[in-house]
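Reading the structure
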Amino acid sequence: MAPKATPKAKAEAAKADEPSLGFLPRRLLASVFLYTLTAAVLYKMAEENGMLALVSSHLRAAPWNPLSKPCGLLDRQEFVILSDRIVIGKGQADGPQPGAGKPARSKRVAARPCLAVHVRGGMIAAVHTSSAAVDRHAASKVLLDTRPDLHVLDYGDAVVAPGLIDVHVHMDEPGREEWEGMATATRAAAAGGITTLIDMPLNSAPPTTTPAELARKAAVAAQANKTHVNVAFWAGLVPENAHKPGVLKALIRGGALGFKAFMSPSGIDDFGHVSPADIEAALPTIRALGVPLLVHAELLDGDVPQEGDPREHSTWLAARPRRFEKNAVRALLAALREGASNSTKPGFRVHVVHLSDADLIPEFVAAKAEGLPISVETCPHYLNFATERVPTGDTKWVDGSSGLMRLVKCAPPLREEENRYRLLDGLRDGAIDSLATDHSPFDPAMKLPESGDFLAAWGGIAGLQYALPSSWQPTSLHGMNLTWLTQAWSVGPAQLAKLDKTKGRLAPGLDADIVVWSPDQAADTSVEALQHLHKVSPYIGMSMQGRVLATFVDGHQVFGEQQGVASAACGSPILKKRWW
């Protein structure tokens, strides 16, 4: 007969029969990892398909939310904008338009006018259309009858359009705040109807060519009450990083939208220019990243004799001949053809900035027909000014009637009047894809106003606040209309920067970035209205049509014609960080 088990023995036996727990900590860790990964993937999907933004907009607009406070001039998170002329940015402009030209890139035609935009929590909740026989009040009646509490902003026959996106701006911060700075640059943008600007990697000091400098610049932009519109960043492509795929990938992981390179000396010692070989070395990585490469396309081919009077703009023009631009563009096209077999993600393209030489327009047309990923912009100053009209010694171009400075030296240079007309032709025909200001502010003394020496003066034009009228004035006279302007300043730039899922159009689910302006009223070009740090610009005192009446950034009114720029800065940095 077996001995009777003691209580202690029974407990030990029961313990021995329990399942082994040795692998449970590992299983627990694996479960936590999988749940975290699943949550992250779902969050990313909700972010990309707009669901996250939609939920966020409802929460921001909820009256019971104590954390949701309006910013700017309008004490509302939800409102309706009415107008007889709303341009939604899908290739059509609704309502009567000034400008007789037919836009070359209008793919779709509106069946019904768009007369009301419903904004809620920073997003566009709805765009209301109606038949041509119904006015804006009747079109919005159904909505307002069901929501009588909605605040209404009636802009009559003013144009309501997507906010401008300026992809070519030098804010000079951190490091050269004495030239401009983020606060004044974004104030000027708000006053000019620009709702998003993308900062160049120079002239900040040091330039944005490393992940550390990108993070430093983003941190400055994120400071409280710093930016009045949304800002994003290009990273610099220089000889030091062009052959380092790891650095280029890290810059995009850190949130840069793409790269900017110079093929000629930049004027900044710590931002070197790249050779065609440097570009060819970097292109496979940039292609694989699916981001754009913006290029200052001038390739110097040796010393050009600097003969003639340095106080004449024609001397500066001769020192930067057309062949410099041709050399660079043809080298870029050759590099694209050479690397055509490399793996390429959607979003990659080479984008030539500030085209000056209209001779190149047929070459861009041919390259696009060939299927090469190439696009091109020009700037308002090339559409308004010509070398024949620059007075002697006018690095400052003093207007005898007002004594105001009109600073016109830039690179590539202003060219002849007939070239200006051919650039306008290229814009009208769709060969030139977009516009940007290339806002390049400076200490006025750098223009050498006393000597008037074009060869020695700093090159750059400050025109950020005047983007809209300085574009509308020449293009409307050349037969282009509101639809075209929206394509060049909103739709096209959003596509270039890969922001088109949230910006560039007036459509449900997109950010409520909106400009309200009058094409029929004169722009305010007075010194008193100018928000740039230095009150110098070639557009001061210039007669131009196109007056900005209001600007909304993420649904916040940041500018009003009567109130001016809001004291509170409602913008924020845009960092498209990658997970890989």
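With omega at 5°, the peptide bond leading from Glu173 into Pro174 counts as cis. In this fold, Pro174 is placed in the loop between β7 (164-169) and α6 (182-191). Note that the residue after Ala205, namely Pro206, is joined by a cis bond; omega there is -5°. One can find Pro206 in the loop between β8 (194-199) and α7 (211-221). Unusually for a residue other than glycine, Asn225 sits at a positive phi of about 55°. Tracing the sequence through the fold places Asn225 in the loop between α7 and β9 (230-233). In this structure, Asp438 is a non-glycine residue whose phi angle is positive, near 50°. By the secondary structure assignment, Asp438 is in the loop between β15 (434-435) and α15 (467-477).

A few words on the environment of Gly452. Along the polypeptide, Gly452 turns up in the loop between β15 and α15. Judged by relative accessible area, Gly452 falls into the buried class, the value being 1%. In this structure, the C-alpha to C-alpha distance between Gly452 and Glu312, residues 140 residues apart in sequence, is 8.5 Å.

Under the defined criterion, the tally for this structure stands at six aromatic pairs. One aromatic cluster is present, formed by Phe385, Tyr466 and Tyr539 through successive ring pairs. The ring of Phe442 has Lys447 sitting right over it, with the charged end atom 5.1 Å from the ring centre.

Counted according to the given criterion, the structure contains one disulfide. Through a disulfide, Cys71 is tied to Cys570; the S-S separation comes to 2.1 Å. Residues Cys71 and Cys570 are joined by a disulfide whose S-S torsion is about -90°; by sign, that bridge is left-handed. Of this pair, Cys71 sits in the loop between α3 (51-61) and β1 (78-82) while Cys570 sits in the segment after β19 (564-565), placing them 499 residues apart in sequence. When its relative accessible area of 10% is taken as the criterion, Cys570 is described as buried.

What follows is about the packing of helix α8 (residues 245-253) against helix α9 (residues 276-289). Packing of α8 against α9 brings their axes to within 10 Å, and their N-to-C directions diverge by 30°. When the interaxial angle is binned, α8 and α9 end up roughly parallel. Crossing of α8 against α9: the hand is right-handed. On α9, the residues touching Pro245, Leu248, Lys249 and Ile252 of α8 are Ala282, Thr285 and Leu289. Residues of the contact of α8 with α9, tallied by class, amount to five nonpolar, one polar and one charged.

This part is about helix α14 (residues 417-429). Along its 13 residues, α14 runs 19 Å from first to last C-alpha, staying within 8% of the 18 Å computed at 1.5 Å per residue. All of the buried residues along α14 are Asn419, Arg420, Leu423, Leu424, Gly426 and Leu427. All buried residues of α14 lie within an arc of 155° about the axis, which places them on one face of the element. Just downstream of α14, Gly430 is the residue with a positive phi angle, here 85°.

Residue placement: Gln557 occurs in strand β18 (residues 556-560). In contact with Gln557, not counting residues within four places along its chain, are Cys71, Gly72, Leu73, Leu74, Tyr155, Ala550, Thr551, Phe552, Gln563 and Ala566.

Reading across the sheet, the three strands line up as β7-β8-β9 and stay open at both edges, with parallel pairing between neighbours. Edge positions in the sheet fall to β7 and β9, since each has one partner strand and no second. Put simply, the sheet's adjacent strands are angled 20° from each other on average, direction ignored. As paired elements, β8 and β9 share four bridges and run parallel to each other. Note that in β9 the partner of Ile198 across the bridge is Ala232.

Conventions and cut-offs
- Per-chain numbering applies: the sequence of each chain, read as written, is numbered from 1 onward.
- Local features in a predicted model are, by the rule used here, given only for residues with pLDDT of at least 70; side-chain atom pairs are given and counted only at 80 or more, and totals for whole chains, interfaces and linings are based on all residues.
- Excluded from the side-chain calculations are hydrogens and water; all other atoms, namely the structure's heavy atoms, are used.
- Helix and strand labels come from DSSP, where a helix needs a run of H or I of at least four residues and a strand needs a run of E of at least two; each type is numbered from the N terminus.
- Burial status follows relative accessibility: with a 1.4 Å probe on protein chains alone, a residue under 20% of its type maximum counts as buried, one over 50% as exposed, and anything between as partly exposed.
- Here a Phe, Tyr or Trp ring, Trp counted by its six-membered ring, pairs with any other such ring whose centre lies within 6.5 Å, and the pair is stacked when the planes are under 30 degrees apart, edge-to-face when over 60, and tilted otherwise.
- Our definition puts a charge over a ring when NZ of Lys or CZ of Arg is within 6 Å of the ring centre and also within 35 degrees of the ring normal.
- By convention in this document, the label disulfide applies to cysteine sulfur atom pairs within 2.5 Å.
- Between the N-to-C directions of two axes lies an angle of 0 to 180 degrees, each axis being a line fitted to C-alpha atoms and, for a helix, fitted only over the stretch in contact.
- Each angle receives one of four descriptions, namely roughly parallel if under 35 degrees, roughly antiparallel if over 145, roughly perpendicular if within 65 to 115, and oblique otherwise.
- Handedness of a helix crossing follows the sense of rotation of the near helix relative to the far helix, less than a right angle counterclockwise being left-handed and clockwise being right-handed.
- By definition, residues are in contact when any of their heavy atoms lie within 4.5 Å.
- Under the scheme applied here, ten amino acids are nonpolar (Ala, Val, Leu, Ile, Met, Phe, Trp, Tyr, Cys and Pro), four are charged (Asp, Glu, Lys and Arg), and all others, including Gly, are polar.
- For a helix, the expected span equals 1.5 Å multiplied by the residue count minus one.
- By construction, the arc corresponds to the directions joining the helix axis to the C-beta atoms.
- Only strands joined by at least two bridges in the DSSP assignment are considered to pair.

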